Structure formats: C-alpha cells, structure tokens
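# Coordinate inspection notes
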Amino acid sequence: MKQSFKEFQLDSSILQALERLEYVSPTDVQQEVIPVFLENKDLIVQSKTGSGKTAAFAIPLCNKIDWLENKAQALVLTPTRELAQQIKQDIINIGRFKRVSATTVVGKQSYEKQKLALKQKNHVVVGTPGRVLDHLEKGTLPIDEIRYVVIDEADELFNMGFIDQVEAIIEKLPANRITTLFSATFPEEVESLCRSYMDAPVTIKLDKVSQTKNPITHKAMYVADDNKLDLLQSILITENPDRCIVFCRTQQKVDTLVNQLKAWHYPAEKIHGGMKQEDRFQVMDAFKSGSFRYLIATDVAARGIDVANIPLIINYDIPLEKESYLHRIGRTGRAGKTGNAITFVTDTERYYLEMIENYIGEELKQATLPSDEQVEKHKPAFNKKINQKSQPNNRIQKNLDQDIMKLYFNGGKKKKIRALDFVGTITSIEGISADDIGIITVEHNQSYVEILNGKGKHVLQEMKHKTIKGKQLKVHQAKK
Ligand code: AMP
C-alpha cells in the first residue's frame, strides 16, 4: 500500500500540483491504476464515481505527456458535457506545473470555436463521442500522435447509445495506442468493446471492502405528491445543509420548484438539459464556488457534477431507472466524506423503490417526516444561515492559481506571431526563464500567455515596452 504519491515514479511537477490540490494519499483506485498506467498497459477498471477515478488516470496521463509535442497525445471520451469539462479541469490542475494543456470537444457548443481551439497546442482532448467523431471525420482533430485513449463511464456511454460512435472513433485511432476503460458495471456490450479493442488488458476490480465501503446513508420518506413541497421545506429547515441537490424527474418540475424556492428567497438555481450549455456551466461554477446553496436538477445534469462537500441529496421524485439512483447519490459522499440521500416515495412508486433496493443491495431506511415541533425548533438557525452569504468553496483552486497570471496580447496568427515568439521575448526579461511561462494560446487576433511563479506583474510591466517579432502589442491581465 502506497501511503503517499511520492512513492510512485512521478515528475516533481506533478507531485507539486497534487500537494497544492491537497491530495495527500492515493485513493484505492489510484493505488491500483497509477502503477499499471505508468507501465503503458491496457487497463480495464471497475470503479465508481467519487472514488477518485479521474485522478487515477489523469495523474499518470499528465506524467506521460510529452510537452514538446504540439499535437494531441491523449483522447478522453465521456458520456456528458459536464463530465468532459470536469475532467479537463482536473487534467489542467494536475498538469499545471508541467504546463499540460487540454481542451473539450462537446456537443451544443460552437463547432468553429472548437476547430480553432483544436489548432492550438493541446496535449489532451476530452470530449463526448458525437462531437469527437464529427471532428475526426472532418479532419479537424489530429489523430496521428494519439497514444492514450481513456474511455470513461463506459456503461453510461452504452446506456446513452454512444457505443457505436465510441467504436467508430477507436477504429480511426493509431493501433499503437494504450487504451484504458473505466466502468461501474460491465454489461455485455462493454465487455465486447474491451475484447475487440484492447490488447491483453490488466483488469482491476477493487476488492470487496472498497466496493462496499459506503459512506452514504440512504433514507426513504413516504409522502403524497401534494405534500412534497412542504416536506422539502421542512427538511431544508431541519437538516439545514450548506449545500444540497434536489432531483426532479422533468425539466418542467425543476422550473416550477426553483421558482417556488426563489419566491421564498431561498438561494436556489437550476440545471437541466433544456438550458444552453454555457448557462449550465455557469450554474455549475456558481454552485461550486458557493454562490447559492440549493441546486435543483434533472438526471441529465447529475452526471459529471463533481462538487466537494455536498452533504445532502434529495430525490424529490424517485428515479424511474435504477442506475440513475446511483448516479444521483454519487454526488454526495465523495472523496471519503460521508453523505445523506433522502428519497421521496409516493404510494404508487413503491415498485421503483424495491427496484432500487435490489440494485444497490441495501434497503433504504424508512425515515419519519420532521414534525412541526422539530421544524419550529430549527427555524432560528435556518433563518440565520439563509441570510448569510455562503462561504466561497474555491480555496484549493485559488491555491493552485495563486502564482499564475494570464496575460492578454492584442495580436496573434494574423500578425504571424507564434508561441515561440512569446517565449523568446518573455525569457529575455531579466529574472524570467522558460519555466516561468505556462500555457500559451495564440488565436487569430489575440494571444494569451500564463506567467507562473508569481512573476506575472513583473512580466506585465516589462512587456508594455517590449516588442514581439518587432511589433508592439497591447498587453493587460486577461479577464479569465
Ligand atoms: P472522481 O471519482 O474522479 O469523480 O473524484 C471524486 C473527488 O475526489 C474529486 O472531487 C477529486 O478532486 C477528489 N480526489 C481525487 N483523488 C483524491 C485524493 N487522492 N485525495 C483527496 N481527494 C481526491
């Protein structure tokens, strides 16, 4: 058992990022996956969301990236856009000090923008199958240097009907690649995918202990449909969670419920598949940073939500598919923390409850509804907290970003400027070396350069008087 990441053969730049991320010791899945991945072997991993599986592949992958290679070296396929975004952020965080760059290629976003982004230096491309295939077919995603393919949540890719696209993508990729597949369950279609496209894979199934180690308390509350809203309010008051996700079955119900909570002046927002992707990302960012406390969501949005410290999940409507239950409650009890899941069950829904219980192999504890006295007793504390601004929860991201300043320059490819030109000029500044320069993005009319190690201010000052390829560019700190 490795107690620390230092015991793996990892670059110091990766270890530095893990330290900043406060990943002290590897989780069970990381213990098993990292050494095998580092040995370049095909891998099949049975793992659940919340187990630290993203870092299990992101850590060795970032370690393997050849920084000098400009073309994509790794492709990660995921079932949802939110998950793609989350994985990209994890890769950027873990690869921060190695300056690993990553981009997402997902549906419902501008194809043209992605095309431009794919022309940049991107070590890793993370995407949903439909859009990735589109780019491959149109030749806008270079594949000849792809050495690593990660298929994440393979069972979900299958459930959502993406398996054919995944196969079509794999068939286009170079044969001398390493393929890694993660899945919580192994239906025949996923097994068959593994048989067809993997080379003598190592199979990692976490032992019984870590599979059953369940930090989540599952409860059911019987309630009539008409009383759900009152019950929700009572629970929010008595439990008074810092954050909570409330799941509904339809977009319309989400809309109605969020409006109701807002009418009560509760800090609530919504996320569902009917919203624009940009809006969905914005809501997720706001939830992560602690701008509001109650997220009302449909199943579509459940996947890929990785927010630390969600103590309570409420299934306002019981899920009709047993797998959805696991995905929903997988949003709590993450990274070893404990969590609570409360599921509302109406009289006609007992069948679904049984189905879920059989599936998870555990009975949901029948909980009594909060009494009026209990609600009254908790009201003062609830009212006090509801009026308080919640604590932003982005300390670790800030920690990681603290020494980095992103600079904007008003010139790019149109002026025939390349990334190397920035490196040349910036390293000519006294006290600045190539190690102080992070990710460089050269677009048509503008460019962005990350300056590391707290030297951003100094470089910004100096660049106001220096030219790039003989051109004086306007420079200021980038907004994002
Ligand atoms: P995942 O299963 O990839 O969705 O990860 C679940 C959560 O665990 C994420 O919020 C990660 O940031 C966090 N995490 C992953 N690895 C570690 C680790 N070694 N120590 C602490 N937290 C971790």
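Residues numbered from 1 in each chain as written. Predicted model: local features only at pLDDT ≥ 70, side-chain atom pairs only at ≥ 80, totals over all residues. Heavy atoms only, no water.

What follows concerns the packing of helix α11 (residues 228–239) against helix α17 (residues 372–386). One way to put it is that α11 packs onto α17 with a least axis distance of 7 Å and a crossing angle of 60°. The angle between the axes of α11 and α17 places the two elements in the oblique class. Considering how the two elements wind past one another, α11 and α17 form a crossing that is left-handed. From α11, Ser 234, Leu 236, Ile 237 and Thr 238 reach across to α17, where they touch Gln 374, Val 375, His 378, Lys 379 and Phe 382. For the contact of α11 with α17, the class distribution of residues is 4 nonpolar, 4 polar and 1 charged. (Axes fitted to C-alpha atoms, helices over the stretch in contact; angles between N-to-C directions. Helix = DSSP H or I, 4+ residues; strand = E, 2+ residues; numbered from the N terminus. Parallel < 35°, antiparallel > 145°, perpendicular 65-115°, else oblique. Left-handed = near helix turned anticlockwise from the far one by under 90°. Contact = heavy atoms within 4.5 Å. Nonpolar A, V, L, I, M, F, W, Y, C, P; charged D, E, K, R; others polar.)

Right, let's get into the environment of Lys 464. Secondary-structure assignment places Lys 464 in the loop between α20 (456–463) and β18 (467–468). Placed 227 residues apart in sequence, Lys 464 and Ile 237 show a C-alpha to C-alpha distance of 55 Å. Leave out the neighbours within four places in its chain, and Lys 464 touches Gln 472 and Val 475.

Turning to unusual backbone geometry, a few remarks are in order. For Ala 200, which is not glycine, the phi dihedral falls at a positive 40°. Looking at the secondary structure, you find Ala 200 in the loop between α9 (188–197) and β7 (202–205). On the basis of relative accessible area, Ala 200 is assigned to the exposed category, the value being 66%. Look at Asn 453: it is not a glycine, yet its phi comes out positive at around 60°. (Buried < 20%, exposed > 50% of the residue type's maximum accessible area, 1.4 Å probe, protein only.)

Right, let's talk about the nonpolar core for a bit. Membership of the largest hydrophobic core comes to 45 residues, with the highest contact counts inside it found for Val 33, Ile 59, Val 76, Ile 91, Ile 94 and Val 124. Among all residues touching Val 33, those that are not within four sequence positions of it are Leu 43, Val 45, Ala 56, Phe 182 and Ile 204. Core analysis: the next-biggest nonpolar cluster, separate from the first, contains 28 residues, Ile 151, Leu 157, Ile 170 and Val 190 among them. (Core = buried A, V, L, I, M, F, W, Y, C linked by side-chain atoms within 4.5 Å.)

Here the focus is the sheet that holds strand β4 (residues 124–127). Reading across from one edge, β3-β4-β2-β5-β6-β1-β7 is the order of the 7 strands in this open sheet, with parallel pairing throughout. Looking at strand neighbours, the two that pair on one side only are β3 (102–105) and β7, the edges of this open sheet. The average angle at which neighbouring strand axes cross in this sheet is 15°, direction not considered. Judged from the 4 bridges that link them, strand β5 (residues 148–151) and strand β6 (residues 178–183) form a sheet pairing that is parallel. The partner of Val 149 across the bridge, within β6, is Thr 179. Across the sheet, helix α4 (residues 81–94) lies against β2 (74–77), β3 and β4, angled at about 175° from β3, the strand it touches most. (Pairing = 2+ DSSP bridges.)

Bringing the environment of Gln 282 into the picture now. Residue position: Gln 282 is located in helix α13 (residues 277–288). For Gln 282, a relative accessible area of 55% puts it in the exposed group.

All right, on to the domain arrangement of the protein then. Domains assigned within the protein are domain 1 (5–206), domain 2 (210–395) and domain 3 (403–477). Between the C-alpha centres of domain 1 and domain 3 the distance comes to 30 Å. If you look at the interface, domain 1 gives 7 residues, while domain 3 gives 13 residues. Of the roughly 810 Å² buried at the junction of domain 1 and domain 3 (both faces included), carbon and sulfur atoms supply 49%. Interface area lost by domain 1 to domain 3 is led by Arg 96, Arg 99 and Gln 120, which between them contribute 64%. Where domain 1 touches domain 3, the interface holds 1 salt bridge. One salt bridge connects Arg 96 with Glu 450, and the closest N-O pair in it is separated by 3.3 Å. Joining domain 1 to domain 3, the criterion identifies 3 residue pairs in polar contact (both at pLDDT 80 or more). (Domains from an automatic or database assignment. Buried area = accessible area lost by both parts, 1.4 Å probe. Salt bridge = Lys/Arg side-chain N within 4 Å of Asp/Glu carboxyl O. Polar contact = N/O pair within 3.5 Å; in protein donor to acceptor, adjacent residues only side chain to side chain.)

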